[in-house]
Amino acid sequence: MPVLEKEQSTNPGINNGLPKLPVPDLQHTLDMYLKCMKHLVPEENFRRTKGIVDKFGAPGGVGEMLQQQLHKRRDSKANWVYDYWLDDMYLNNRLALPVNSSPVMVFPKQNFKTDSDALRFAAHLISAVLEYKTLLETHDLPVDFARGQLAGTPLCMEQYYKLFTSYRLPGPKKDTLVAQKSSVMPEPEHIIVACKNQFFVLDVVINFRRLNEKDLYTQLEKISKMAANEEERLPPIGLLTSEGRTEWAEARHILIKDSTNRDSLDMIERCLCLVCLNEPSGLQLTDTNRALLMLHGGGPERNGGNRWYDKPMQFVIGSDGCCGVVCEHSPFEGIVLVQCTEYLLKYMKGSPSKLVRAASVSELPAPRRLRWKCSSEIQALLAASADKLHRLAKNLDMNVHKFTKYGKEFIKRQKMSPDAYIQVALQFAYYRCHRRPVSTYESASIRRFQEGRVDNIRSATFEALSFGKAMTDGRSTFSNDEKMKILKDAINAQTNYTILAITGMGIDNHLLGLREMAMELRMEMPEIFTDETYTVSNQYILSTSQVPTTVDMFCCYGPVVPNGYGVCYNPQSDAILFCVSSFNHSDETCSNTFVKHLEECLLEMEGLCLRNSGVASS
């Protein structure tokens, strides 16, 4: 088996010179927590919470003792919160990966005239992946530097080295993030190709030579023909990976009792990545439909079983031109996925397909179909998995909307941060829809620090609520100048919180660390963490993320709570792309309604800015 991921990194230079993540001041975190929650819970609840928080933070109290333990932990670890955060955010989560956890990148629609065109695209993409993997192996990947707020700081590169070497192993109570380690076993030199719900081993190195594009195409053609052979067809085992994590762990435990299944699982778990060759969906390939198809494959009746969700990188190539990447999120953040994917697409554009040139490996062994022995118990589990995925696919409500009236250049001309402006617009839109504020998550990179992942920017500020109210309930009460001042206050509050979060001073990781330390010490759980306000603070009804791209593709994901929205946005010079998701089963949410209000709010904000600057709105 691969070794545990958290062994010390062997990659030189990925953390060099970066500081350790600080432990924020306890009183600052407690004050900020109260400030963040005061307007999100009823007054009576808040009064109770304030008493609990004051007791927790009292001199010589439980909070101070836990804080001291966190400082000791910081001294002994590269990143004091990493393990706590990884478990809390991903590995302890029992929900199914598709929609609930795994984000996707959606490529521009490809115009394949024939099935061979799709296989050529796949061969070209695999060549680009192998080129990128070489950059990683030789440590030639240039260091990322921070953009936006506090730009120019070098960032931790460790996440990149997990793109093709990690695997999320399901467990009955908690998953494990495992990684190949070359000191224990040779690095993987094969890709798994999924086609018609069958899985095939494609060796990309044969006789110590990397296959060229022509050879890759030849092998993909063989796989396509093998998959078409109905007599050989096996059950769609990939469906099991779309299950809840505990259910999949139990199914895997049954599977591995048979040596054939063990060998097949081993090949999948040690592969570089998956390439999923999909059948045409039969749907009109709008942005929204391509997003849905990438997130869940269209359910078991389309391509939902032609996946293996535990692998970090699954490249999906539909013969109808619907292409993209499905990402298992636990090893790395969205920006790492973007950087890698942009490299691949630029490589493919910049280096024409090399199907004619280059000498081939003379004798190419046939790719190997992975075999499965399926008991009646496994057949029953497959049927249950198919049913759940079908319901999950039907439940997802997605709207991919390009707002074209203006983009980040207009916002910058107002001397405002585009990200802060868009976050205030999202708060405004939610208030316009629901007339209340809710706990909001915006991911903030903390890669300025060793092994840094993310903390949370709590965008539901009191100032953003005041702006939503002024523009909705108090339209005629406030003058334009007053509304403009309230908008600027909201943007400043958002910007200030962003700076706190990216410099390691956010409250969420700190509170998580204090809570987990109490559990580690087997103490009675402090009341601050059993209080209803703390529960509300962690129910992210708005889960948001800016994922900018420089090539024509976009990122999207599902909501993180049943009555919530997932909002991924991509600010461009003269437009903003929004991917808004929610669940049809919730009578509180509707993606189309949210998008309609968001468009209205962005236009009202533009009008306010133009009136304030003395320019008449067109």
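Residues numbered from 1 in each chain as written. Predicted model: local features only at pLDDT ≥ 70, side-chain atom pairs only at ≥ 80, totals over all residues. Heavy atoms only, no water.

**With respect to the packing of helix α1 (residues 26-37) against helix α2 (residues 43-56)**
With their axes 11 Å apart at the nearest point, α1 and α2 run at an angle of 175 degrees to one another. Regarding the angle of α1 to α2, the classification is roughly antiparallel. When α1 is examined against α2, the residues Leu-26, Leu-30, Tyr-33, Leu-34 and Met-37 are found in contact with a partner set consisting of Phe-46, Thr-49, Lys-50, Val-53 and Phe-56. When grouped by side-chain class, the residues that make up the contact of α1 with α2 number eight nonpolar, one polar and one charged. (Axes fitted to C-alpha atoms, helices over the stretch in contact; angles between N-to-C directions. Helix = DSSP H or I, 4+ residues; strand = E, 2+ residues; numbered from the N terminus. Parallel < 35°, antiparallel > 145°, perpendicular 65-115°, else oblique. Contact = heavy atoms within 4.5 Å. Nonpolar A, V, L, I, M, F, W, Y, C, P; charged D, E, K, R; others polar.)

**A word on the packing of aromatic side chains**
The full count for this structure, using the stated rule, is 18 aromatic pairs. On the numbers, 6.2 Å between centres and 80 degrees between planes, the contact of Tyr-430 with Tyr-565 is edge-to-face. Placement of the pair is Tyr-430 in helix α13 (residues 418-434) and Tyr-565 in strand β18 (residues 565-571), with a sequence separation of 135 residues. Look at Tyr-565 and you get buried, because its relative accessible area is 1%. Put simply, the rings of Tyr-132, Phe-164, Tyr-343 and Tyr-347 pair up and form one aromatic cluster. (Phe/Tyr/Trp six-rings, centres within 6.5 Å; stacked < 30°, edge-to-face > 60°. Buried < 20%, exposed > 50% of the residue type's maximum accessible area, 1.4 Å probe, protein only.)

**Considering empty space enclosed by the protein**
Applying the stated rule across the entire model yields six cavities of 30 Å³ or more. Considering only enclosed or pocket space, the largest cavity measures out at about 70 Å³ in volume. What lines the largest cavity is Asn-278, Glu-279, Ser-281, Leu-293, Met-294, Gly-297, Asn-303, Arg-307, Val-316, Gly-318, Asp-320 and Cys-322. For the lining of the largest cavity, the secondary structure elements donating two or more residues are α9 (287-296) and β10 (313-318). (1 Å grid on protein atoms, 1.4 Å probe; cavity = no way out; pocket = protein on both sides within 12 Å on 5 of 7 lines; lining within 4 Å. Points joined across faces, edges and corners; volume = space filled by probe spheres on them.)

**Focus: the confidence of the model for the protein**
Averaged over all residues, the pLDDT of the protein equals 93, while 94% of them reach at least 70. A low-confidence stretch, residues 1-13 stays under pLDDT 50, and its non-local contacts, those more than four residues away or across chains, total 30 contacts. (pLDDT = per-residue confidence, 0-100.)

**Thoughts on the pattern of salt bridges**
Under the counting rule described, the total for this entry stands at 39 salt bridges. Here Asp-287 makes a salt bridge to Arg-290, at a shortest N to O gap of 3.0 Å. Separated by three residues within a single helix, Asp-287 and Arg-290 lie in helix α9, roughly one turn from each other. Judged by relative accessible area, Asp-287 falls into the partly exposed class, the value being 32%. Judged by relative accessible area, which is 6%, Arg-290 ranks as buried. Between Arg-432 and Glu-600 there is a salt bridge, with its nearest N and O atoms 3.5 Å apart. Taken together, the residues Arg-432 in helix α13 and Glu-600 in helix α18 (residues 591-612) connect sequence positions 168 residues apart. On the accessibility criterion, Arg-432 (6% relative accessible area) is buried. Of the residues examined, Glu-600 reaches a relative accessible area of 27% and is grouped as partly exposed. Via salt bridges that share partners, Arg-94, Arg-168, Asp-175, Arg-245, Asp-310 and Glu-328 belong to a single interconnected network. (Salt bridge = Lys/Arg side-chain N within 4 Å of Asp/Glu carboxyl O.)

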